[in-house]
Amino acid sequence: DKVLHIVPETFQQVQHLQLLCNTLMLDLWKPLLPEDIRAGEDLHIRVPAPLVQEVKDSLDQHMISHRVLIPDVQKLVDQSMPRERSSHRQVSRGYVYTEYHPMEEIYQWMTQIQKNNSELVTQHFLGKTFENRTMYYLQISQPKNKPKKIIWMDCGIHAREWISPAFCQWFVKEILRNYKTDPKISRFLQNLELYVLPVLNIDGYIYSWEKDRLWRKNRSPYENGTCYGTDLNRNFNSSWGSVGVSSNCSSDVFCGSGPESEPETRAVAQFIKSKKSDILCYLTIHSYGQLILTPYGSTTKPPSNNEELMRVAKEAAAALTGKYGTSYRVGSTALILYSNSGSSRDWAHTIGIPLSYTFELRDTGTHGFILPANQIQPTCEETM
Amino acid sequence: DIDGVGHKYCLELELEDVLDKGSTVSCTAEVLYQLGSTSTAPDVQVAVAGELRGTEEADKEFYHRIRSLEKELVAENIPDSHGNVPPELEPIHLLAGVASGYVIWQNSTENTKFHLAQVKHVKQVKRSDEDLQFDFVVLLHEMVSQ
């Protein structure tokens, strides 16, 4: 595949290029949409190998000058892949929590974690992704001597936020290593159950490893397979589709064809609904921004228990800062970030879960989504 | 709020030296977002209280290193998926940051928050004079898609 660089000179050329893009369904890298092609502005199109000659001929025919920006896309993709990873990774003892792991290794890790900690951990089926991969969550609980409330935490709803699944894994590891010796954790587990979903958007996560590091959405196709991905955090049934979303599939905040249109969303929603009277706290982990966000995103009207929500969040932020000085801001999404609807956190709160938070982990933009692995440890430690 | 003109923000900031963390300089700035016009860049005035560290040595070293390359420099995905930047590409990464800063400024409004997410591609452009020229394709993330 090649990426061509074209600067259309006239409106006719623009029109011809738009026609070309639409009929051949070419992958526009810049601008995002054919309707944004302008005369005098850079155009970058990825042309699949079998179509290169046809496209070049068509451009020549219309006297549209072009040059090759990237002669071999596959070569670039291959070059940008991480170096050889050692094939045997002993999990839980040798599992390296200070590195990012591909999904296959995370699946293996879950199996090992349950095996090595079977008195405390059970792996459960949650649902299937669009590409038919199994979603598992881990239940961490001591033998029930009394009814216990539940804390749910999910990571990796957005594919590119790699620090998020890394945190879920770290969290599980810390709990399991220290529950016997750390009085806080042991008291925790005496009174509560923890449910952890290490990667919610599995298809997207894999895609961000294999194809596009900055992918955000899931991988369900729309418009006859010409456009992929719903933003799962706009797909929940809370003021769905009202604000901070796009109905255009090619947008990063495409909210899907309806609330819970995506299998991943349904899998999570169904489960949480079934347990909602026992769930005390819903946590969803994202990056980046260093924020603890409370409901709501779709309105600035505060939730009924806002005082409690804020108090708990502020204490959490203070504890976090106490570790390495990292500062987190606390508040409702609509007030400190921007408006959005259909988020999992808002939905959890509206169905009655009192404490519902989005954590946006490090950093604040220097590295953004591509947080270096050497920050996994401090980030996770402070967030614990 | 300036009637008929726009919104002006008066800021006090601390600049941290990217190459010498812990070294900071105070500055003040005035940013004016013009009313109605979202296609003009905000007007920015900055006053630095103190000296910005000179970078002539590092600049020279970089310049000579690039000039002595046999082929024009080409690189992709800075940083890589795991956040790593090879040391020899660090200056390129910084240059991209500066260039992105300009682009971000030109496209900023009161409601945007841009960051450089990744340098997708950089290619050195061959020149007949002694200047260095680089062609960057950068990915800028706008907070709204968080």
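Residues numbered from 1 in each chain as written. Chains lettered and ligands numbered in written order. Predicted model: local features only at pLDDT ≥ 70, side-chain atom pairs only at ≥ 80, totals over all residues. Heavy atoms only, no water.

A word on the overall build of chain A
Condition: Here a helix means four or more residues in a row that DSSP labels H or I, a strand means two or more in a row labelled E, and each is numbered from the N terminus. Pairs of residues are marked as contacts when any of their non-hydrogen atoms sit within 4.5 Å. Note on areas: these come from Shrake-Rupley sampling with a 1.4 Å probe, and a residue is covered only by the protein chains present in the view. His is not counted here, nor are the chain ends, while Lys and Arg score as positive and Asp and Glu score as negative. A charged residue contributes its charge at one atom only: NZ of Lys, CZ of Arg, CG of Asp or CD of Glu.
Check the secondary structure of chain A and you find twelve helices and 14 strands. For chain A, the spread of C-alpha atoms along the three principal axes comes to 80 × 50 × 40 Å. Across chain A, every contact between residues at least 6 apart in sequence was considered, and the portion connecting residues at least 24 apart equals 71%. Taken as a whole, chain A presents about 16,900 Å² of accessible surface, with 49% of it coming from carbon and sulfur. Side-chain charges of chain A comprise 41 positive and 41 negative groups, with the mean position of each set lying 8 Å from the other.

Let's talk about the packing of helix α4 (residues 103-116) of chain A against helix α7 (residues 202-210) of chain A
Angle between the axes and distance between the axes are the two parameters that describe a pair of packed helices. Residue and element names in this part refer to chain A. For clarity, the cut-off: Note on definitions: angles span 0 to 180 degrees between N-to-C directions of axes, and those axes are lines fitted to C-alpha atoms, for helices only across the stretch in contact. In this scheme, roughly parallel covers angles under 35 degrees and roughly antiparallel covers those over 145, while 65 to 115 is roughly perpendicular and the rest are oblique.
Interhelical geometry of α4 versus α7 gives an angle of 130 degrees and a closest axis separation of 10 Å. It follows that α4 is oblique to α7 by the angle criterion. On α7, the residues that touch M103, I106 and Y107 of α4 are I202, Y205 and I206.

Structural notes on the state of the cysteines
Residues and elements named next belong to chain A. As a reminder, the rule being used: Disulfides are defined in this document as cysteine sulfur pairs within 2.5 Å. Buried, partly exposed and exposed residues are distinguished by accessible area as a fraction of the type maximum, computed with a 1.4 Å probe on protein chains only: under 20%, between the cut-offs, and over 50%, respectively.
For the structure on display, the rule yields two disulfides over all chains. Disulfide pairing places C155 opposite C168 at an S-S distance of 2.0 Å. Because the sign of the S-S torsion sets the handedness, a value of about 80 degrees for the bond joining C155 and C168 places this disulfide among the right-handed ones. You can see C155 sitting in strand β7 (residues 149-155) and its partner C168 sitting in helix α5 (residues 163-178), a full 13 residues away along the chain. No difference in accessibility class separates C155 from C168, as the two residues are buried. Counting only the cysteines that take part in disulfides, in the order they occur along chain A, gives the pairing 1-2, 3-4.

So, the pattern of salt bridges
Residue and element names in this part refer to chain A. The following threshold applies: Note on definitions: salt bridges are taken to be side-chain nitrogens of Lys or Arg within 4 Å of carboxyl oxygens of Asp or Glu.
According to the stated counting rule, one finds 18 salt bridges over all chains in the structure shown. For the salt bridge of D1 with R46, the shortest nitrogen-to-oxygen distance reads 2.7 Å. With D1 in the segment before β1 (2-6) and R46 in strand β3 (residues 43-47), the pair connects residues that are 45 residues apart, well separated along the chain. Residue class for R46 comes out partly exposed when judged on its relative accessible area of 21%. In this structure, R216 and D231 form a salt bridge, with 2.5 Å as the shortest nitrogen-oxygen distance. Taken together, the positions of R216 in the loop between α7 and β9 (221-222) and D231 in the loop between β10 (227-228) and α8 (263-275) put the pair 15 residues apart, joining distant regions of the chain. Summarising the burial analysis for this pair, R216 and D231 share the class buried. Residues participating in the shared-partner salt-bridge network are D1, D27 and R46.

Things to note about the domain arrangement of chain A
Stated precisely, the cut-off is as follows: Segmentation of the chain into domains, including their bounds, is taken from an automatic or database domain assignment.
Assigned domains within chain A: domain 1 (2-78) and domain 2 (103-212 + 233-383). Placing a centre on the C-alpha atoms of domain 1 of chain A and another on those of domain 2 of chain A gives a separation of 40 Å.

Points about the UniProt feature "active site" (unreviewed entry) in chain A
All names here are of chain A. Here is the rule: UniProt positions are given in the numbering used here, feature names are shortened, and annotations may be inferred rather than shown by experiment. What qualifies as a polar contact is a pair of N or O atoms within 3.5 Å, subject to a donor-acceptor requirement within protein and to the restriction that residues adjacent in sequence count only when both atoms come from side chains.
The feature "active site" (unreviewed entry), as annotated in UniProt, sits at E360 in this numbering. What makes E360 buried here is its relative accessible area of 3%. A distance of 3.5 Å separates a polar side-chain atom of E360 from the backbone nitrogen of S287.

What about the packing of α4(A) against α5(A)?
Residues and elements named next belong to chain A. Threshold: Left-handed describes a crossing whose near helix is turned anticlockwise from the far helix by less than a right angle; the clockwise case is right-handed. Ten residues, namely Ala, Val, Leu, Ile, Met, Phe, Trp, Tyr, Cys and Pro, are considered nonpolar, four, namely Asp, Glu, Lys and Arg, are considered charged, and the remaining ones, Gly among them, are considered polar.
It is at 12 Å that the axes of α4 and α5 come closest, and there the two elements cross at 15 degrees. Looking at the two axes, α4 sits roughly parallel to α5. In the crossing of α4 with α5, the sense of the turn from one axis to the other is left-handed. Between α4 and α5, the contacting residues are I106, W109 and I113 on the first element and Q169, V172 and L176 on the second. Its residues assigned to classes, the contact of α4 with α5 shows five nonpolar, one polar and no charged.

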